[in-house]
Amino acid sequence: MQVPGPILTVRGLCKSFGGNQVLKGVDLEVRKGEVVMIIGPSGSGKSTLLRSINMLERPTAGYLSVNNHELCWGTDGSFQVAPERDIRKVRAKVPIVFQHFNLFKHLSVLENLVQGPIHVLGRSRKEALATARERLAAVGLADKGDAYPAELSGGQQQRVGIARALAMHPDMILFDEPTSALDPELVSGILDVIRELADRGMTMVIVTHEMSFARRLGDTIHFMEAGEIIASGSPQELFSGNGSARVNAFLNLIAPSP
Ligand SMILES: Nc1ncnc2c1ncn2[C@@H]1O[C@H](COP(=O)(O)OP(=O)(O)O)[C@@H](O)[C@H]1O
Ligand SMILES: [Mg+2]
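From a predicted model like this one, the values you see are computed outputs, not experimental measurements. (Residues numbered from 1 in each chain as written. Chains lettered and ligands numbered in written order. Predicted model: local features only at pLDDT ≥ 70, side-chain atom pairs only at ≥ 80, totals over all residues.)

Trainee: Is there a simple way to think about the overall build of the protein chain in this case?
Mentor: Secondary structure assignment for the protein chain yields 9 helices and 11 strands. C-alpha extents for the protein chain along the principal axes are approximately 50 × 50 × 45 Å. Per-residue burial for the protein chain yields a buried fraction of 41% across its 258 residues. (Helix = DSSP H or I, 4+ residues; strand = E, 2+ residues; numbered from the N terminus. Buried ≥ 20, exposed ≤ 12 C-beta atoms within 10 Å, placed from the backbone.)

Spelled out as structure tokens, the structure:
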């Protein structure tokens, strides 16, 4: 049996903002088809890690390979970053779905979905529109193509954010707390959309505070604190209560056991 290689390899990744070291040597591996959850307290560097994976933040040391492109390597003295065209290739195929949606407010929903395919992937407008309509239907918004983001609920805007990622024919999707800006009644609909993507085999890295979701859907869960992944394992391992005291304390704080 052929074992697929990792689609994402992160080794010793560091990132500092001025004197503030936010990532302190992160190791992470993701395989094709895997759903990886990243949990941990606010300010621990989860968003910085996700943004570094497609170089929206530029790491300061460490090794990063995404979708068969090496994006950076080396340590402080010899640190190097791949050419911009490699970075753009990775971004095109490994989109991020953001907490605050980050839609183009002055463009209709359909126009939001066709920008990347036309300008980044070089698809024809006709083809891009056909894919956009299909992806909108897949997230339950077939009738909202002509709406503007401001006319939609937060949950609908996040569906558009997910449809926009899907319109890029992604090889992996990064989610940065996709439900944390939503009213509670809108959360489960978005989690359902992500669950369907998992069922269809989409590779995903998901930063989330939704513990029961992480537990049910994650193949692997990583716990991040103060710029490091300090515990990793299957949901069973991490939620068993037999792991580190720090992880148990966090889990009890945010999802107390009944
Ligand atoms: N652009 C930035 N400039 C300076 N500091 C930043 C920037 N982005 C994040 N940080 C700092 O990095 C730390 C981790 O932030 P973040 O990655 O957003 O954590 P999390 O997503 O886990 O809440 C915080 O202390 C934050 O203030
Ligand atoms: Mg964050």
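Trainee: Any chance you could explain helix α6 (residues 184–199) here in plain terms?
Mentor: Three- or four-residue spacings in an α-helix give side chains the same orientation, since the helix completes a turn every 3.6 residues. The terminal C-alpha atoms of α6 lie 24 Å apart, and with 16 residues this matches the ideal 22 Å at 1.5 Å per residue to within 8%. When α6 is considered as a whole, its buried residues turn out to be Ile190, Ile194 and Leu197. Taken end-on, α6 shows its buried residues confined to a sector of 45°, consistent with a single buried face. Exposed and oriented more than 90 degrees from the buried face of α6 are Glu185, Asp192, Glu196 and Asp199. Its buried side turned inward, α6 meets α5 (154–166), β8 (173–176) and β9 (204–207). Note on α6: the residue one or two positions beyond its end, Gly201, has a positive phi of about 90°. (Expected span 1.5 Å × (residues − 1). Arc of directions from axis to C-beta. Contact = placed C-beta atoms within 7 Å.)

Trainee: Any chance you could explain the site of ligand 1 here in plain terms?
Mentor: Around ligand 1, the neighbouring residues are Phe17, Val22, Ser42, Gly43, Ser44, Gly45, Lys46, Ser47 and Thr48. Here the shell around ligand 1 is composed, by residue class, of 2 nonpolar, 6 polar and 1 charged. (Near = placed C-beta within 6 Å. Nonpolar A, V, L, I, M, F, W, Y, C, P; charged D, E, K, R; others polar.)

Trainee: I would appreciate a short explanation of the nonpolar core in the present structure.
Mentor: Nonpolar side chains in soluble globular proteins tend to end up buried together. Judged by nonpolar contacts, the single largest core of 66 residues is most densely connected at Leu8, Ala163, Leu174, Phe175, Met204, Val205 and Phe223. If we skip the residues at most four places from it in the chain, Val205 touches Val30, Val36, Ile38, Leu50, Met172 and Leu174. (Core = buried A, V, L, I, M, F, W, Y, C linked by C-beta atoms within 7 Å.)

Trainee: Just checking my understanding: could you explain the pairing of strand β1 (residues 6–17) for this structure?
Mentor: As a general feature of sheets, a regular strand has side chains that alternate between the two faces. As paired elements, β1 and strand β2 (residues 20–31) share 9 bridges and run antiparallel to each other. Looking at the pairing, Thr9 lines up with Glu29 of β2. Counted along the chain from β1 to the antiparallel partner β2, the turn is 2 residues long, and its residue Gly18 has a positive phi close to 60°. Judged from the 5 bridges that link them, β1 and strand β4 (residues 61–66) form a sheet pairing that is antiparallel. Each bridged residue has a counterpart across the sheet, and for Cys14 the counterpart in β4 is Ala61. (Pairing = 2+ DSSP bridges.)

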